[in-house]
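Structural description and commentary
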Amino acid sequence: MTADTSSLPEVTIGDDEPSSSRLLLLISTVAALGLLMLHNVLYPGQDLPVFGELVPLFGGLAHSGIWFFLLGTMIGFGLMIATLIGEVVED
Amino acid sequence: MSAFTTALLFMWVSVLLTWALVNRGIPVFQDLARDMSRFFMEKALGPGADLVEGRPGSGSRAWMFHGMLWFCIAATFGFIELWLAHEPTALHTLSTIGYAPTTDQMSSAVGLLSYNAIWMMLVGASLHINARLSGSGIASESNAALVSYLYSGGIMLGLIGSHISGDWGDYMLTAAGITYLLANVAVAVNHLLTMGERGDSPIQPSQWLIVFSLIIPLLGCLGSLLGVSNDSVYHSTVTFGMVAMALAVAHYVIPSKAGAPLWSRTLSGVTIFGLLFFITPFKMFDADLGQGTAGLLTVLYTLSLIPIFAAVTNLVRTAGIHWDSSSSSSSASITLAGVVLFIPVAVGTLFIGVDAISLENELGHLIDPMTHLITWGPLGMIALGGVMACFPAATGRELFSASSTRNSFWLAGIGVLLSVMAYFSAALVDGALSEAEVTSDASEPMLILASISFYLVSIAGIMLMLNMIKGVTRGTPITSDDSGPAVTADRMTLTPGSTSIRSLMSAGAGVDTEIAVICDRCEEEE
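Residues numbered from 1 in each chain as written. Chains lettered and ligands numbered in written order. Predicted model: local features only at pLDDT ≥ 70, side-chain atom pairs only at ≥ 80, totals over all residues. Heavy atoms only, no water.

1. Notes on the overall build of chain A
When helices and strands are tallied, chain A shows 4 helices and 0 strands. Counting every position in chain A, which comprises 91 residues, the buried fraction comes to 21%. (Helix = DSSP H or I, 4+ residues; strand = E, 2+ residues; numbered from the N terminus. Buried < 20%, exposed > 50% of the residue type's maximum accessible area, 1.4 Å probe, protein only.)

2. Here we look at the side chain of Ser60 of chain B
Residue and element names in this part refer to chain B. In this fold, Ser60 is placed in helix 3 (residues 58-86). Side-chain polar atoms of Ser60 contact the backbone oxygen of Gly124, separated by 2.7 Å. Not counting chain neighbours up to four residues away, the residues in contact with Ser60 comprise Gly124, Leu127, His128, Glu141 and Ala394. (Polar contact = N/O pair within 3.5 Å; in protein donor to acceptor, adjacent residues only side chain to side chain. Contact = heavy atoms within 4.5 Å.)

3. Thoughts on the packing of helix 13 (residues 330-357) of chain B against helix 14 (residues 367-395) of chain B
Residues and elements named next belong to chain B. Between helix 13 and helix 14, whose axes approach to 8 Å, the crossing angle comes to 155 degrees. When the axis of helix 13 is compared with that of helix 14, the two are roughly antiparallel. Of the two elements, helix 13 crosses helix 14, and the hand of that crossing is left-handed. Taken together, the residues of the contact of helix 13 with helix 14 sort by class into 19 nonpolar, 9 polar and no charged. (Axes fitted to C-alpha atoms, helices over the stretch in contact; angles between N-to-C directions. Parallel < 35°, antiparallel > 145°, perpendicular 65-115°, else oblique. Left-handed = near helix turned anticlockwise from the far one by under 90°. Nonpolar A, V, L, I, M, F, W, Y, C, P; charged D, E, K, R; others polar.)

4. What about the interface of chain B and chain A?
Taken residue by residue, the interface counts 24 residues in chain B and 22 residues in chain A. A buried area of about 2000 Å², summed over both sides, lies between chain B and chain A, and 78% of it is on carbon and sulfur atoms. Area buried by chain B at its contact with chain A is led by Thr93, Tyr455 and Ile469 of chain B, which between them contribute 25% of it. Run the count over chain B and chain A and you get 1 salt bridge. Contributions of two or more residues to the side of chain B that touches chain A are made by helix 3 and helix 16 (444-474) of chain B. A per-element tally of the side of chain B that touches chain A places helix 16 of chain B first, with 10 residues. Of the residues belonging to the side of chain B that touches chain A, the class tally is 16 nonpolar, 5 polar and 3 charged. (Buried area = accessible area lost by both parts, 1.4 Å probe. Salt bridge = Lys/Arg side-chain N within 4 Å of Asp/Glu carboxyl O.)

5. Re the confidence of the model for chain B
Residues and elements named next belong to chain B. Predicted confidence across chain B gives a mean pLDDT of 84, with 88% of residues reaching 70 or more. The element-level mean pLDDT for chain B is lowest in helix 18 (residues 522-525), coming to 57, with helix 3 highest at 93. Taken over the whole predicted complex, pTM reads 0.83, whereas the ipTM for its chain interfaces reads 0.77. (pLDDT = per-residue confidence, 0-100.)

6. What to know about the packing of aromatic side chains
Two measures describe an aromatic ring pair: the distance that separates the ring centres and the angle between the ring planes. For the coordinates displayed, the defined rule picks out 15 aromatic pairs over all chains. Between Trp12 of chain B and Phe277 of chain B, the aromatic rings sit 6.1 Å apart at their centres with planes inclined by 55 degrees, giving tilted as the arrangement. With Trp12 of chain B in helix 1 (residues 3-24) and Phe277 of chain B in helix 9 (residues 265-277), the pair connects residues that are 265 residues apart, well separated along the chain. Judged by its relative accessible area of 27%, Trp12 of chain B falls in the partly exposed class. Chaining the aromatic ring pairs together yields one cluster made of Phe69 of chain A together with Phe79, Trp83 and Tyr455 of chain B. (Phe/Tyr/Trp six-rings, centres within 6.5 Å; stacked < 30°, edge-to-face > 60°.)

What follows is the structure, encoded as structure tokens:
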């Protein structure tokens with residue numbers, strides 16, 4: 001028996017969300033921020049363009065490897081708050 | 001008589017008096033004291049007591065939740081402090097938003113955060129332990145929960161105060177200290193009231209250690225107010241509180257998870273009374289010693305190894321009775337790892353403490369890594385084990401993921417051990433270079449390894465916290481039958497007299513326990 005595909009539109013979106021998609025999103029974000037650190041390698045001593053000009057705090061973010069680790073901690077604390085709110089709302 | 005001897009005698013007499021009062025109660029005034037304490041803990045708070053729920057386990061849960069949150073923050077600050085040791089300018093960009101702590105301020109903040117976070121976790125576990133062993137529940141759950149917020153507020157004040165130099169920083173640190181004192185008084189009264197409701201059950205080693213760990217620091221404060229204290233004795237009371245509370249939790253977690261009673265009653269007694277009467281040199285490296293106290297203090301430092309060795313042997317042998325059960329439990333494993341770490345800590349601090357007394361200061365460069373080891377090794381790991389074991393029982397639900405709990409155990413264990421080894425190596429290299437009057441950054445790779453490996457502890461804390469949050473709402477409910485393996489003794493000996501089944505079960509008897517009544521005079525009387 002073959003599926004009847006004539007009633008399907010050309011573009012569809014499913015209701016289910018695979019959990020790996022969120023993981024991929026997270027990895028992409030971390031990778032993008034990590035690649036942003038390449039700026040420091042290519043242009044040592046210079047502030048991050050745009051960000052550094054708008055907010056002085058972002059000027060030297062790429063100057064030390066500690067920010068890689070602090071980024072992970074910040075994501076962890078963010079997850080904590082998000083989980084807490086999510087669990088309370090769901091409960 | 002020197003101030004040191006007077007202070008020591010005051011503490012010893014106070015300890016004996018406390019022991020007698022806890023054991024025998026307060027004659028005549030017992031009911032009055034109990035009723036007044038209950039009134040001040042609940043009714044006198046007015047609407048404040050209604051702010052928190054008084055459900056069973058809520059007090060313990062609140063302390064552990066707050067403690068774990070501060071643990072994550074403390075571990076993050078600890079990581080930053082280690083990183084700044086090899087790259088002091090790493091966070092200079094934060095000066096644009098006004099955050100530029102000095103090395104001393106960062107060190108002070110890490111010390112304050114880590115000590116109080118671990119203390120909160122241990123107190124939370126102790127509330128559950130005492131309620132369980134007393135068989136009555138905590139005397140005032142709402143007071144315990146409310147006081148956890150007070151203590152947390154104190155930590156926040158202390159954190160801000162430790163970053164501010166000048167009078168305002170001092171004011172905030174003083175306010176934080178008063179907050180801790182008030183909260184600890186409330187917890188101590190709560191514990192005493194709980195123990196008062198235990199009926200005829202004997203007081204277990206964990207309960208003795210819990211009560212003394214809360215009362216001895218308060219007696220140290222009282223001694224200071226009365227002018228009969230000495231800097232080293234006062235420091236020792238604070239240190240005693242933390243060590244005794246950690247051992248109290250270990251004396252409950254390991255037997256309960258192993259499903260076996262404590263291996264030796266004598267070693268338990270030696271642990272309790274040895275800790276009370278001798279001064280452990282943990283964290284006493286900068287105590288201001290009076291004239292002529294060094295000899296006696298050295299003797300007391302050395303004797304303090306006896307209760308530590310006794311506790312470690314007793315707990316390791318207890319875990320060994322049912323090794324399968326204890327090794328398969330994350331909480332028992334991490335607690336046992338923390339207990340074993342007491343040995344290098346005790347021996348190491350003895351050497352460093354005696355070196356500090358002798359004013360030779362040949363081991364001064366090891367003080368920082370040793371403080372790191374004491375805080376995050378035995379104390380931190382036992383606190384994590386206490387939370388892993390007691391939080392599910394207090395909430396009535398298992399932690400959300402057993403594998404996540406196991407990962408937290410491995411991350412914390414590896415992180416602490418690696419960072420301690422690297423930190424010690426760096427300190428030894430720095431010490432050798434300093435002695436040779438050579439300037440070099442040879443220790444930098446080891447400091448980098450120390451900071452990166454300690455980052456694992458921070459991640460372990462966050463993972464456990466997430467596990468706890470999810471576990472409260474979605475964890476598997478614990479039925480009364482599966483609250484862990486029953487602790488039963490194979491054989492017990494009794495002397496003639498009357499007792500109850502409840503007392504026997506509290507002492508570790510089970511349905512299969514063989515009970516022998518030993519009577520020396522019975523045959524003569526027959």
